[in-house]
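Residue-level listing of the chains:
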Amino acid sequence: MRLALGLLALICSAALAQGGNPERALKTVEICSACHGKDGNAVVPLTPSLASQPETFLVSQMILFREGLRQVPAMAAVFAKISEQDLVDLAAYFSKQTLKPTTAPRDAALFEKGEALSKRGSCGGCHLPDYRGHDQIPRLAGQKEDYLAATMIAYRDNKRSGTDTTMTGILYGIADADIKALAHYLAQQK
Amino acid sequence: MTLPRSSAPYLASIGVLAALTACTSVSLKDQPAPAPAPAAAPAAPPPPAWAQGRPDSMANSPLSPHAPVLTVTTTEKIALDKIKVPAGFKVEIWVSGAPGARMMTRAENGTLFVGTRAIGRVYAITDAGGKREVKVFASGLTQPNGVVVKNGSLYVAAINQVFRYDNAEKMLDAYASKSAQPVDMTAAFDLPPHGHHGWKFLAVGPDNKLYIPVGAPCNICEPPATNAQIRRYNLDGTGMEVIARGVRNSVGFDFHPQTGELWFTDNGRDWAGEEGPQDELNRISKVGQNFGFPYCHAQGIVDPDIKKPNACDDVTMPVTLMGPHAAALGMRFYTGNMFPDEYKNSVLVARHGSWNRTQKAGYDVVRVTATPDGKNAQLTPFVTGFLDPATNAFWGRPADVLQMPDGSVLVSDEQNGAIYRVSYAK
């Protein structure tokens, strides 16, 4: 099944409007690197790593920021400065960077709880069984734990939406403790 | 990967139930909350709407909605030569550079206003002697899909929000720069806030009323009493009437040029098989007719999850079926003089294309001919070539059609943010 899903992801990503040029992104990457890291591994708390995220996901989120549909104070001014081609190039660049696995120690009990919750919520159905994401659906594996938790809380509390409302529905009513476990489990994935 | 799930009937009936229990088998919350007092019940969102009603046997299905394209696709990247039209017809790119372009309405002086979903914009496309310019007329809205111009005012419906932009063409730049603000009509229309199937289509009828669909907030459920219907209002939001019930999700309608009756497309449910239940083209011959959702689909298919005795009694059957999961959206009757005679009074329907089907379906514009009372319906391909059945890959997604004053027809393509013009010459 994993093969079938991979194939699907491959077909879908071919539908991206215009291919980004990762080399060209080196001109603009410094507007991201202070927080997200030049190699896409975040260096500031509560900031997502962009390395190895699906290209379409990165493009979509940057557009949502630009259009004011996703509001984060630190991001508000960023997209006024760059063109749509710059944004697409940055997505190509960061999607090709290597995500460094977390060095944080694993809490076995929390990990196990998170694993069970993920199975129950069918997270791997859209994010793929190894949580690498595809198309508009982000990679969760190895993402920063604090950011994963904060993002799930924002979805749960209806303070964030993606290109659709799926996550708000899935996380409705989930307890903070369960989010903590999910975030730990997912951050520990490679 | 076997997941603990409740039984399919329970899963399928979550519409109202979820609002009370705030939890279903696909939610991550531990236990259903004790049923709260109805007055205090928070309006809990249902679980992810596209997965509702998915049976255990399809829990690992790789099918999921396609990603929207939110970036500009330049003209040279659009595979115009792949688009096929019948002999004598010609297709050209009328405009590109309007990411997410969906529903279209044309103002008196030729400005085309175009609604979108994920990107939250309404475009104004001006046409000065063939030189077209795409302007962002409104932005930051939640799925502003519904657009219609009447008496110089542009009405925009963004889920439950309704805005009226008076003198929309004359004040185009003022609205675009946000130095002028629209009239907020949201309170007057009082539409339900559900996001899922909450994007709107708008049309003004020969009765000078504004017609608005209110979709079911789920794939399959017992919808709230406010949903799964088509309504009409006076232009100021007063005088609401429900004119059709049992309508799952209509995103296109038009008035028959001879009878004035409303014909509409309706999208069939997901996760009940590859072959359907199929989408529908319907005709309202009497105010308040019931079109079957959630109990009875297509031409009399009883729902496998939401059951009641005699499910199809009193249900108005469709004029024709529109294909399995094909997503029949925008539709208009052709009344122009440019196309061959047999096109007159037939319906052109944009089919956005399937996601809940292994072999993709739709991704085209079809033509339906029928008698004015909806008999003898025949469906034929009109604009095709967006889907390659051999590779099962698509590159375009028609969302709406609109007749121009010269009798040519515009087709919006959401995938490429483009609008094509289809014309005919003998």
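Fair warning: this is a prediction, and the values are worked out from it, not measured in the lab.

Definitions and cut-offs
- Residues numbered from 1 in each chain as written.
- Chains lettered and ligands numbered in written order.
- Predicted model: local features only at pLDDT ≥ 70, side-chain atom pairs only at ≥ 80, totals over all residues.
- Helix = DSSP H or I, 4+ residues; strand = E, 2+ residues; numbered from the N terminus.
- Rg over C-alpha atoms; globule rule 2.2 N^0.38 Å.
- Buried ≥ 20, exposed ≤ 12 C-beta atoms within 10 Å, placed from the backbone.
- Contact = placed C-beta atoms within 7 Å.
- Expected span 1.5 Å × (residues − 1).
- Arc of directions from axis to C-beta.
- Pairing = 2+ DSSP bridges.
- Axes fitted to C-alpha atoms, helices over the stretch in contact; angles between N-to-C directions.
- Domains from an automatic or database assignment.
- pLDDT = per-residue confidence, 0-100.
- Core = buried A, V, L, I, M, F, W, Y, C linked by C-beta atoms within 7 Å.
- Parallel < 35°, antiparallel > 145°, perpendicular 65-115°, else oblique.
- Left-handed = near helix turned anticlockwise from the far one by under 90°.
- Nonpolar A, V, L, I, M, F, W, Y, C, P; charged D, E, K, R; others polar.

**Overview of the overall build of chain A**
Here's step 1: The number of helices and strands found in chain A is 9 helices and 0 strands.
Here's step 2: Beginning at the N terminus, the succession of helices and strands in chain A can be written as α-α-α-α-α-α-α-α-α.
Here's step 3: Its C-alpha radius of gyration of 16 Å places chain A within 12% of the 16 Å reference for a compact globule of 190 residues.
Here's step 4: Taken across its 190 residues, chain A has 45% of its residues classed as buried.
Here's step 5: The contacts in chain A between residues at least 6 apart in sequence include a share of 75% that link residues at least 24 apart.

**Let's talk about helix H5 (residues 108-121) of chain A**
All names here are of chain A.
Here's step 1: With 14 residues, H5 should cover 20 Å at 1.5 Å per step; its first-to-last C-alpha distance of 20 Å lies within 8% of that length.
Here's step 2: Buried within H5 are the following residues: Gly 114, Ser 118 and Gly 121. Here the buried residues of H5 occupy an arc of 70 degrees about the axis, which is enough to place them on one side. In H5, the exposed positions angled more than 90 degrees off the buried face are occupied by Ala 108 and Ala 109.
Here's step 3: At its buried positions, H5 is contacted by helix H6 (123-127), helix H8 (166-170) and helix H9 (176-187).
Here's step 4: Looking one or two places after H5, you find Ser 122, whose phi comes out positive at around 60 degrees.

**Regarding the sheet that holds strand S23 (residues 364-369) of chain B**
Residues and elements named next belong to chain B.
Here's step 1: Overall, antiparallel pairing links the 4 strands, which are arranged S21-S22-S23-S24 in an open sheet. Looking at the sheet topology across the chains shown, the edges are occupied by strand S21 (328-333) and strand S24 (378-383). When the angles between neighbouring strand axes are averaged without regard to direction, this sheet yields 30 degrees.
Here's step 2: Sheet topology places strand S22 (residues 347-351) next to S23; 5 bridges connect them, and they run antiparallel. Residue pairing across strands places Arg 351 opposite Asp 364, the latter belonging to S23.

**Details of the domain arrangement of chain A**
Residues and elements named next belong to chain A.
Here's step 1: Here the domain parsing of chain A yields domain 1 (2-95) and domain 2 (108-187).
Here's step 2: A separation of 20 Å is found between the C-alpha centroids of domain 1 and domain 2.
Here's step 3: Taken together, the contacts link 18 residues of domain 1 with 16 residues of domain 2.
Here's step 4: Residue assignment for the side of domain 1 that touches domain 2 shows that the elements contributing at least two residues are helix H1 (2-13) and helix H3 (55-66).
Here's step 5: Ranked by residue count, the leading element in the side of domain 1 that touches domain 2 is H1, at 5 residues.

**Quick word on the confidence of the model for chain A**
Here's step 1: In this model, chain A carries an average pLDDT of 88, and 91% of its residues clear a pLDDT of 70 or more.
Here's step 2: Mean pLDDT values over the elements of chain A span from 39, in H1 of chain A, up to 97, in H9 of chain A.

**A short note on the pairing of strand S11 (residues 210-214) of chain B**
For a regular strand, side chains alternate in direction, first toward one face of the sheet and then toward the other.
Residues and elements named next belong to chain B.
Here's step 1: Where burial is concerned, most of S11 is hidden: 5 out of the 5 residues are buried.
Here's step 2: Burial of the side chains of S11 extends over both faces: Leu 210, Ile 212 and Val 214 are buried on one face and Tyr 211 and Pro 213 on the other.
Here's step 3: The turn joining strand S10 (residues 203-204) and S11, which pair antiparallel and follow one another in sequence, is formed by 5 residues; a positive phi near 65 degrees is taken by Asn 208.
Here's step 4: Strand direction decides the pairing type here: S11 and strand S12 (residues 229-233), joined by 5 bridges, are antiparallel. Of the residues in S12, the one forming a bridge with Val 214 is Gln 229.

**Some details on the environment of Leu 202 of chain B**
All names here are of chain B.
Here's step 1: Within the secondary structure, Leu 202 sits in the loop between helix H4 (186-189) and S10.
Here's step 2: Residue classification places Leu 202 among the buried residues on the basis of 23 C-beta atoms within 10 Å.
Here's step 3: Counting along the chain gives 88 residues from Leu 202 to Asn 290, while the straight-line C-alpha distance between them is 20 Å.
Here's step 4: Those residues in contact with Leu 202 that lie beyond four places of it in its chain are Gly 146, Val 147, Val 148, Tyr 155, Ala 157, Leu 210 and Ile 212.

**Description of the nonpolar core**
Here's step 1: Membership of the largest hydrophobic core comes to 101 residues, with the highest contact counts inside it found for Phe 113, Val 114, Val 349 and Val 411 of chain B.
Here's step 2: Apart from the residues lying within four places of it in its own chain, the contact partners of Val 114 of chain B are Ala 98, Ala 101, Arg 102, Met 103, Met 104, Val 122, Tyr 123, Ile 125, Val 147 and Ser 412 of chain B.
Here's step 3: Judged by nonpolar contacts, the second largest core, of 26 residues, contains Leu 50, Leu 58 and Val 59 of chain A together with Leu 70 of chain B.

**Looking at the packing of helix H7 (residues 145-156) of chain A against H9 of chain A**
Residue and element names in this part refer to chain A.
Here's step 1: At their nearest, the axes of H7 and H9 sit 8 Å apart, and the two run at 140 degrees to each other. Between H7 and H9, the angle is such that the two are oblique. Along this stretch, H7 crosses H9, giving a crossing that reads as right-handed. Contacts from Glu 145, Leu 148, Ala 149, Met 152 and Ile 153 in H7 reach Ile 179, Lys 180, Leu 182, Ala 183, His 184, Leu 186 and Ala 187 in H9.
Here's step 2: In terms of residue class, the contact of H7 with H9 is built from 9 nonpolar, 1 polar and 2 charged.

**Notes on unusual backbone geometry**
Here's step 1: At the junction of Gly 276 of chain B and Pro 277 of chain B, the peptide bond is cis and its omega measures out at 5 degrees in the coordinates.
Here's step 2: Position of Pro 277 of chain B relative to the elements: it lies in the loop between strand S15 (262-266) and strand S16 (280-283).
Here's step 3: With an omega of 5 degrees, the peptide bond between Phe 293 of chain B and Pro 294 of chain B qualifies as cis.
Here's step 4: For Leu 46 of chain A, which is not glycine, the phi torsion reads 60 degrees and is therefore positive.
Here's step 5: Considering the arrangement of structural elements, one finds Leu 46 of chain A in the loop between helix H2 (30-36) and H3.
Here's step 6: The exposure class assigned to Leu 46 of chain A is partly exposed, which follows from the 14 C-beta atoms found within 10 Å.

**Describing the pairing of S16 of chain B**
All names here are of chain B.
Here's step 1: The alternating pattern of S16 places Glu 280 and Asn 282 and Leu 281 and Arg 283 on opposite faces, both of which are buried.
Here's step 2: Relative to S16, S15 is paired through 4 bridges, and the arrangement is antiparallel. Within S16, the residue paired with Thr 265 across the bridge is Leu 281.

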